[in-house]
Structures are given as structure tokens and as C-alpha cells.
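# What the coordinates show
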Amino acid sequence: MINKDPVYHILKLLQEQGEPHFRQIGIDERDFIVALQHIQEAGYTDRTGNGLSQAGLDYITGYERRTNDSRN
């Protein structure tokens, strides 16, 4: 499942489910923690940490646009 950017995948799970677990993504727990730290530091979650900020939503949109463009 790691064919996707782990940051994107975590953000997508946050958007859809609210709380991802590293086993859902198929990466090492330490890598998962590093990705979560990056997400927090980059401001991709809202202030409560329970939802995505506009920056997080933009990350998802940009990633999906890039992957769709590369397929065409």
C-alpha cells in the first residue's frame, strides 16, 4: 500500500476515518510517527488535531492532481 506518499495516505485516512493507524498504511511505526510529526509541523491538521486544515486539503488535492496528470 506504500505506493502512495505516506503523508498523503495519512491525510486521506484522517479525512475519511479520523484516526489512522500505521498498520493501515503498511509502513514501519517509526516512519509513521515521523510522517505524523511532519503533518503537524506543516500545519496540515486543524488546531484541534482532529481534522484537516485547508493546507491539508490542498495537499491531498495537489497530490491527486499530480498522480492523475502522470497517468494521462
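Remember, it's a predicted structure, so these values are computed and weren't measured experimentally.

This part is about helix α4 (residues 54-71). With 18 residues, α4 should cover 26 Å at 1.5 Å per step; its first-to-last C-alpha distance of 26 Å lies within 8% of that length. Among the residues making up α4, those that are buried are G56, Y59, I60, G62, Y63 and T67. Take α4 and look down its axis: the buried residues cluster within an arc of 165 degrees, on one side only. Those residues of α4 that are exposed and aimed more than 90 degrees away from the buried face are Q54, R65 and D69.

As a further point, take the pattern of salt bridges. Taken as a whole, this structure holds 2 salt bridges when the rule is applied. Salt-bridge contacts for K12 lead to E64; the nearest nitrogen and oxygen are separated by 3.1 Å. Of this pair, K12 sits in helix α1 (residues 6-16) while E64 sits in helix α4, and the two are 52 residues apart along the sequence. When its relative accessible area of 26% is taken as the criterion, E64 is described as partly exposed. R30 is paired through a salt bridge with D28; the nearest N and O atoms lie 3.5 Å apart. The exposure class assigned to D28 is partly exposed, which follows from its relative accessible area of 37%.

About the thresholds
- Residues numbered from 1 in each chain as written.
- Predicted model: local features only at pLDDT ≥ 70, side-chain atom pairs only at ≥ 80, totals over all residues.
- Heavy atoms only, no water.
- Helix = DSSP H or I, 4+ residues; strand = E, 2+ residues; numbered from the N terminus.
- Expected span 1.5 Å × (residues − 1).
- Buried < 20%, exposed > 50% of the residue type's maximum accessible area, 1.4 Å probe, protein only.
- Arc of directions from axis to C-beta.
- Salt bridge = Lys/Arg side-chain N within 4 Å of Asp/Glu carboxyl O.

So yeah, pure geometry; function would need other evidence.
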